[in-house]
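What follows is each chain in one-letter form.
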Amino acid sequence: MAEIRTRFAPSPTGYLHLGGLRTALYAYLFAKQRGGRFILRIEDTDQEREVEGAVELIYQSLHKAGLEYDEGPDVGGEYGPYIQSQRKGLYLPYALQLLESGAAYPCFCTREELQQRRDAVTAQGGQFKYDKHCLNIPKEEAKRRMESGEPFVIRQNIPTEGVASFEDLLYGHVETDCAILDDNVLIKADGLPTYNFANVIDDHLMAITHVIRGTEYLSSTPKYNLLYEAFGWQPPVYLHLPVVMKDATRKLSKRHGDPGFEDLLAEGYVRDAILNFIALLGWAPKDDREFFTLDELVEAFDVDGLSKSPSIFNTDKLVWFNAEYIKRMNFEDYLAMVTPWFDKALAGKNIDYRRLAELMHTRTEVFNRVPEMVGFLAELPVYPIDLYTHKKMKTDPALSLRVLKLTLGPVAALADFSEDALKECLMGLAAEHGLKTGQMMWPVRVALSGLPSTPGGATEIAYLIGREETMDRLSVGINMLEQYCSMMKIDLE
RNA sequence: GGCUCCAUGGUCAAGCGGUUAAGACGUCGCCCUCUCAAGGCGAAAUCAGGGGUUCGAUUCCCCUUGGAGCUACCA
């Protein structure tokens, strides 16, 4: 049996979006699982849409994703070149062959003429389809005009009756009446092929056995099969994948500001979490497993588990996956990854990153949320007095004021400013004055953080910000509470 | 509009003629607890509608509805 060869064939029009990443992933898994090869081909036949630097971005993204291709523009291979614009001369002879057999014909209609006719038809509510106008030009005349340098395109000559069809691994038999199919342009006036032609020629020339791509090609694939037939070539096996949606009606798209793969990485999602999540978007394994490394996916992937309907990209679940991957990371790796994010909020401050990382490890969902979570360590936020009122902790401003005053002396006097010593000190004070743990800890934590919730409690925060800052913040709290109590005329026994 | 495709909770989804219709995320509750997380336990929530076929339909067929893709000298 021939070697399995799949390809990922993006156009360099921007960043690698998540739908593209998923297509690439499945194509990669499909090939690798069968010991085949995964090929990257750049489809840049539309020079106008090409975005500067996009090709390099594709290489980079694929490498970052770990989807290493066996053949491609930057890695070489025996079927190159792998960039269509560099294969320019290859296509015309094939088109000429089709011209010869009648499966295609030259067309001299200009864009303007076409547009006029199109407008005329659509204005009346009809729908335009190329009328084979130039098919009737005698061969001799056509040849003369082509050689005279008159601009022309080459169109596929689709039969006027019968059906065109193909078999899809996921969707099964798909067919369309030829009568409604348009005579697509195969070779543009600039001599470059359109996607419709180039994909067929290149897939054949590159010995692609399985074409895995999005469903946007589902309805035009019957036409491609007509081309294979015209050449007498064996068509590849097709596998079309449903699109990835942003919500029920909108496709995920870069244009609407939806994040691409690289954006997600930059936001602090880890690669494996993204890949794992993406793999499960539109595919389900035979069992209930949901954590897979790339290698495990290679093993587990199967076409049976693919779903036919579009699936919505659900950020909540991605966040969960990310948090899970972070929790499972060993601590040293986590510390290394989180350090730059700590720096964004705490640079220049003398904070024990290692201890902070211990506290943050199970609390990190996405790295870009870290700076905001730890920023209070660098600077005490302005906070409302009613933070001191907590029903469950049984605290109010009056009690809080009493508690803070109580702590001031003992905390200042602590010989050892460690979490253990702090805890012992505060718990001792609570016991001594008949206070519940929460009544002691809540006011202190609020005074030290100014926040309703923090990573770590009162003693951890005190340790992290140090004695001096702790004393300052306690004093700030006391001042606030004294002012408040006197203003509200609260009796302080 | 035409063509192609799709349709199980809010989301990802299992199911492939007979099930109490899995599981996960999210949501809610409880436990744990110096706050919040993490962790543990539990709950609510789904077969779009209508016809058939069948002893029996979530499952097969048709229609309706809804959605998506295509309808370029874009891919």
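Residues numbered from 1 in each chain as written. Chains lettered and ligands numbered in written order. Predicted model: local features only at pLDDT ≥ 70, side-chain atom pairs only at ≥ 80, totals over all residues. Heavy atoms only, no water.

## Some details on the environment of Met206
Moving on, step 1. With respect to the element layout, Met206 can be found in the loop between helix 6 (195-205) and strand 8 (210-214).
Moving on, step 2. Classification of Met206 as buried rests on a relative accessible area of 0%.
Moving on, step 3. Separated by 185 residues in the primary sequence, Met206 and Lys391 have C-alpha atoms spaced 71 Å apart.
Moving on, step 4. Filtering out sequence-adjacent residues up to four positions away, Met206 remains in contact with Arg5, Arg41, Tyr79, Pro81, Tyr82 and Arg87. (Helix = DSSP H or I, 4+ residues; strand = E, 2+ residues; numbered from the N terminus. Buried < 20%, exposed > 50% of the residue type's maximum accessible area, 1.4 Å probe, protein only. Contact = heavy atoms within 4.5 Å.)

## A closer look at the protein's contact with RNA strand B
Moving on, step 1. In the vicinity of RNA strand B lie 66 residues, with Thr45, Gln127, Lys188, Gly282 and Arg363 positioned nearest.
Moving on, step 2. Counting only atoms of RNA strand B within 4 Å of the protein, the sugar-phosphate share comes to 72%.
Moving on, step 3. One nitrogen or oxygen atom from the side chain of Tyr217 is found 3.3 Å from a base nitrogen belonging to RNA strand B.
Moving on, step 4. In the environment of RNA strand B, a base oxygen lies 2.7 Å from a nitrogen or oxygen atom belonging to the backbone of Thr454. (Near = heavy atom within 4 Å. Polar contact = N/O pair within 3.5 Å; in protein donor to acceptor, adjacent residues only side chain to side chain.)

## Comments concerning the packing of helix 15 (residues 397-413) against helix 17 (residues 437-449)
Moving on, step 1. Orientation of helix 15 relative to helix 17, taken along the N-to-C sense of each, is 80 degrees, at an axis distance of 9 Å. Classed by the angle they form, the pair helix 15 and helix 17 counts as roughly perpendicular. Along its contact with helix 15, which presents Leu399, Ser400, Val403, Leu404 and Thr407, the element helix 17 presents Gln439, Met440, Pro443, Val444 and Ala447.
Moving on, step 2. A per-class count over the contact of helix 15 with helix 17 returns seven nonpolar, three polar and no charged. (Axes fitted to C-alpha atoms, helices over the stretch in contact; angles between N-to-C directions. Parallel < 35°, antiparallel > 145°, perpendicular 65-115°, else oblique. Nonpolar A, V, L, I, M, F, W, Y, C, P; charged D, E, K, R; others polar.)

## Description of the state of the cysteines
Moving on, step 1. In total, this model carries zero disulfides according to the counting rule given.
Moving on, step 2. Cys134 provides the cysteine sulfur closest to Cys109, a residue in no disulfide bond, and the two sulfurs are 3.5 Å apart.
Moving on, step 3. By relative accessible area, which is 11% here, Cys109 ends up buried. (Disulfide = S-S within 2.5 Å.)

## Section: the packing of aromatic side chains
Moving on, step 1. Scanning all chains against the criterion turns up 23 aromatic pairs.
Moving on, step 2. Through pairs of rings, three or more aromatic residues link up here, namely Phe277, Phe291, Phe313, Trp320, Phe321 and Tyr325.
Moving on, step 3. One residue, Arg155, lies across the ring of Tyr130, its end atom 3.8 Å from the ring centre.
Moving on, step 4. Above the plane of the ring of Trp442 lies Arg445, whose end atom (NZ or CZ) is 4.8 Å from the centre. (Phe/Tyr/Trp six-rings, centres within 6.5 Å; stacked < 30°, edge-to-face > 60°. Lys NZ or Arg CZ within 6 Å of the ring centre and 35° of its normal.)

## Topic: the nonpolar core
Moving on, step 1. Of all hydrophobic cores here, the largest spans 113 residues; its most connected members are Leu21, Leu67, Phe313, Phe342, Leu346 and Leu377.
Moving on, step 2. Setting aside anything within four residues of it in sequence, one finds Phe313 in contact with Leu18, Val244, Met245, Lys246, Leu252, Leu264, Phe277, Ile278, Leu281 and Leu318.
Moving on, step 3. Formed by 29 residues, the second largest nonpolar core is a distinct cluster that contains Tyr82, Tyr91, Leu99 and Ala198. (Core = buried A, V, L, I, M, F, W, Y, C linked by side-chain atoms within 4.5 Å.)

## Some thoughts on helix 4 (residues 111-123)
For an α-helix, 3.6 residues make a turn, and residues three or four places apart therefore share a direction.
Moving on, step 1. With 13 residues, helix 4 extends 18 Å between its outermost C-alpha atoms, agreeing within 8% with the 18 Å of an ideal straight helix rising 1.5 Å per residue.
Moving on, step 2. Just past helix 4, the residue Gly125 takes up positive phi, approximately 80 degrees. (Expected span 1.5 Å × (residues − 1).)

## Here we look at the layout of surface pockets
Any empty space left between the atoms is revealed when a probe the size of a water molecule rolls over them.
Moving on, step 1. Size it by volume and the largest pocket reaches roughly 1,200 Å³.
Moving on, step 2. Lining the largest pocket are 38 residues; nearest its centre among them are Ser11, Thr13, His17, Glu216 and Tyr217.
Moving on, step 3. Of all the elements in the fold, those that place two or more residues in the lining of the largest pocket are strand 1 (5-8), helix 1 (18-33) and strand 8.
Moving on, step 4. Sort the elements by how many residues they give to the lining of the largest pocket and helix 1 lands first, with four residues.
Moving on, step 5. Within this model, the second largest pocket holds a volume of roughly 690 Å³.
Moving on, step 6. In terms of lining residues, the second largest pocket is bounded by 26 residues, among which Arg111, Val153, Val185, Lys188 and Ala189 are the most central. (1 Å grid on protein atoms, 1.4 Å probe; cavity = no way out; pocket = protein on both sides within 12 Å on 5 of 7 lines; lining within 4 Å. Points joined across faces, edges and corners; volume = space filled by probe spheres on them.)

## Remarks on empty space enclosed by the protein
Moving on, step 1. Considering all chains together, one arrives at two cavities of 30 Å³ or more under this definition.
Moving on, step 2. The space that makes up the largest cavity amounts to roughly 50 Å³.
Moving on, step 3. Forming the boundary of the largest cavity are Thr407, Val411, Leu422, Leu426, Val444, Leu448, Ala458, Thr459, Ala462, Thr470 and Leu474.
Moving on, step 4. Every element with two or more residues in the lining of the largest cavity is listed here: helix 15, helix 16 (419-432), helix 17 and helix 18 (458-487).
Moving on, step 5. Broken down by element, the residue count for the lining of the largest cavity peaks at five residues, all from helix 18.
Moving on, step 6. Each residue belonging to the lining of the largest cavity can be placed in one class, and the counts come to eight nonpolar, three polar and no charged.
Moving on, step 7. Size it by volume and the second largest cavity reaches roughly 30 Å³.
Moving on, step 8. For the second largest cavity, the full set of lining residues is Asp272, Leu275, Asn276, Phe292, Thr293, Leu294 and Leu297.
Moving on, step 9. Among the secondary structure elements, those contributing two or more residues to the lining of the second largest cavity are helix 9 (271-279) and helix 10 (294-300).

## Notes on the packing of helix 6 against helix 7 (residues 221-231)
Moving on, step 1. The N-to-C vectors of helix 6 and helix 7 enclose an angle of 50 degrees; their axes lie 10 Å apart at closest approach. The orientation of helix 6 relative to helix 7 falls into the category oblique. Crossing angle aside, the handedness with which helix 6 passes helix 7 is right-handed. Judged by residue contacts, Tyr195, Asn196, Phe197, Asn199, Val200, Ile201, Asp203 and His204 of helix 6 engage Tyr224, Leu227, Tyr228 and Phe231 from helix 7. (Left-handed = near helix turned anticlockwise from the far one by under 90°.)

## Focus on a negative patch on the surface
Moving on, step 1. A cluster of acidic side chains, namely Glu50, Glu52, Glu56 and Asp74, defines a negative patch on the protein surface.
Moving on, step 2. Along the chain, Glu56 falls in helix 2 (residues 54-65). (Patch = residues over 30% accessible without salt bridge, like charges linked within 9 Å, V, L, I, M, F, W, Y side chains within 5 Å. Areas by Shrake-Rupley, 256 points an atom, 1.4 Å probe, with all protein chains shown as cover. Salt bridge = Lys/Arg side-chain N within 4 Å of Asp/Glu carboxyl O. Lys, Arg positive; Asp, Glu negative; His and termini not counted. Charge placed at Lys NZ, Arg CZ, Asp CG, Glu CD.)

## Brief notes about the confidence of the model for chain A
Moving on, step 1. Chain-level pLDDT for chain A is 95 on average; 99% of the residues reach the 70-or-more range.
Moving on, step 2. The ipTM assigned to the predicted complex is 0.96, against a pTM of 0.95. (pLDDT = per-residue confidence, 0-100.)

## What to know about a nonpolar patch on the surface
Moving on, step 1. A cluster of nonpolar residues, Met487, Met488 and Ile490, forms a patch on the protein surface that exposes about 300 Å² of accessible area.
Moving on, step 2. Note on placement: Met488 falls in the segment after helix 18.
Moving on, step 3. Residue Met488 is classed as partly exposed on the basis of its relative accessible area of 46%.

## Brief notes about the pairing of strand 5 (residues 163-168)
Moving on, step 1. Going residue by residue along strand 5, you find Ala164, Phe166 and Asp168 tucked away on one face and Val163, Ser165 and Glu167 left uncovered on the opposite face.
Moving on, step 2. In the sheet, strand 5 pairs with strand 6 (residues 172-177) via six bridges, with the strands oriented antiparallel. Opposite Ser165, over in strand 6, you have Glu175 as the bridge partner.
Moving on, step 3. Here strand 5 folds back onto strand 6, and the loop between the two strands holds three residues. (Pairing = 2+ DSSP bridges.)

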